[in-house]
Amino acid sequence: MPQAVLTTKVDPSYDDLPEERYHFPRTYLNAARAALGDWIVYYEPRRSSAHLSSRGGRQSYFATARIVRIDADPRRADHYYAYVQDYLEFDRPVPFRERDFFYESGLRKEDGSTKKGMFGRSVRPLPDAEYGMILAAGFETGTAERERSGIREGVRRDLGLLQLADRPIIERLSRRPFRDRVFATGIKRAYDNTCAVSGLRIINGGGRAEAQAAHIRPVHANGLDSLRNGVALSSTFHWMFDRGLISIDDDYSLLFKRNAVPGKVLSLVNPGGRLRVPKQEIYRPHRRFLEYHRERVFKG
């Protein structure tokens, strides 16, 4: 069964929420159905929105997930939703080409240029080996780095069987330890190892950052391992956030349970009482997850 590439913009014109669903027209129905039950990768194009002049997209593969269901859109004729599970963002975005190497061989012309017609297809089939190469490049491991060096030297390898810690990466995608490591690494990088509530960046004597990766919608409540469902917090604020003493409004204003947070703790909060968010919008908390925390976790 082939995997697939699904293209989605930073500001999608379709009803995409990549962590949960992908919205597409009938044109791509057969390609999406061919990948049903299997893994896909998400690709972010150069255009950041539907506007032809928009720019800023990373032109990179940025996450993987598994298509579990395809339903017709009840509100828009000839459109469909592909629902996904096990969404996980890569350690690093993977550019569609590195020098003369294309991760999707179908995008490359014989003269080395890009097949723009194929590139313009929002849902594209992806051979198993090429899916494996994208995973190897996306998840930062010593093995992957060596393989990328080989790729840059013009050596194409079949990474579909790439081993990570004696297990194929694809077998680890649903495993909690692997997902926790990827999520924590991504959150700490996005927030520069800095607590988003206090603005403090504390590095201990061993060179380890004190900031922790916190899920906004908890894992035990079907919270996703998306960077938009996470925030970097010091251990104290992490504890308070998980217990509903602190929450975050849609405009990133901080909310506190009345008479429950000591004044000494409040004195550490960012001036202005707002969350310190990543510079890149794509890593900032999504309102869908913030709303869940306010309604289901916060005790204010």
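A. Summary view of the packing of aromatic side chains. Counted by the stated rule, this structure contains 13 aromatic pairs. Taking the centre distance of 6.3 Å and the plane angle of 50 degrees together, the rings of Y22 and Y42 count as tilted. Separated by 20 residues along the polypeptide, Y22 in strand 2 (residues 21–25) and Y42 in strand 3 (residues 39–44) bring together distant segments of the chain. Assessed through its relative accessible area of 0%, Y42 is described here as buried. A centroid spacing of 5.1 Å and a plane angle of 85 degrees characterise the contact between F101 and Y103, whose relative ring orientation is edge-to-face. Taken individually, F101 and Y103 each receive the classification buried, so the pair is uniform in this respect. Joined through ring pairs, the aromatic side chains of Y22, F24, Y42, F62, Y80 and Y87 make up one cluster.

B. Geometry of unusual backbone geometry. For N222, which is not glycine, the phi torsion reads 65 degrees and is therefore positive. With respect to the helices, strands and loops of the structure, N222 is situated in the loop between strand 11 (212–215) and strand 12 (230–233). A positive phi angle is found at Y252, which is not glycine, with a value near 75 degrees. You can see Y252 is positioned in the loop between strand 13 (246–248) and strand 14 (254–256).

C. Representation of the layout of surface pockets in the model. Its boundaries defined by the atoms lining it, the largest pocket holds a volume of some 910 Å³. Taken together, 41 residues make up the lining of the largest pocket; nearest its centre are V10, R228, E281, I282 and H286. When residues of the lining of the largest pocket are traced back to their parent elements, those giving at least two are strand 5 (79–95), helix 6 (176–190) and helix 9 (287–297). For the lining of the largest pocket, the element with the highest residue contribution is strand 5, accounting for 6 residues. Considered class by class, the residues forming the lining of the largest pocket number 18 nonpolar, 4 polar and 19 charged. Taken as a whole, the second largest pocket spans an internal volume of roughly 640 Å³. In this structure, the second largest pocket is lined by 25 residues; those nearest its centre are T7, K9, P45, F119 and G120. Contributions of two or more residues to the lining of the second largest pocket are made by strand 2 and helix 2 (116–119).

D. Representation of the pairing of strand 5 within the structure. Along strand 5, 13 of the 17 residues are buried, which leaves the element largely enclosed by surrounding structure. Pairing between strand 2 and strand 5: 5 bridges, direction antiparallel. Within strand 5, the residue paired with H23 across the bridge is Y81. By the bridge criterion, 10 bridges tie strand 4 (residues 60–72) to strand 5 in an arrangement that is antiparallel. Across the sheet, the residue bridging to I67 is V84, located in strand 5. Counting the residues between successive antiparallel strands, the hairpin from strand 4 to strand 5 contains 6 residues, one of them, D78, with a positive phi of roughly 60 degrees.

Rules used throughout
Residues numbered from 1 in each chain as written. Predicted model: local features only at pLDDT ≥ 70, side-chain atom pairs only at ≥ 80, totals over all residues. Heavy atoms only, no water. Phe/Tyr/Trp six-rings, centres within 6.5 Å; stacked < 30°, edge-to-face > 60°. Helix = DSSP H or I, 4+ residues; strand = E, 2+ residues; numbered from the N terminus. Buried < 20%, exposed > 50% of the residue type's maximum accessible area, 1.4 Å probe, protein only. 1 Å grid on protein atoms, 1.4 Å probe; cavity = no way out; pocket = protein on both sides within 12 Å on 5 of 7 lines; lining within 4 Å. Points joined across faces, edges and corners; volume = space filled by probe spheres on them. Nonpolar A, V, L, I, M, F, W, Y, C, P; charged D, E, K, R; others polar. Pairing = 2+ DSSP bridges.

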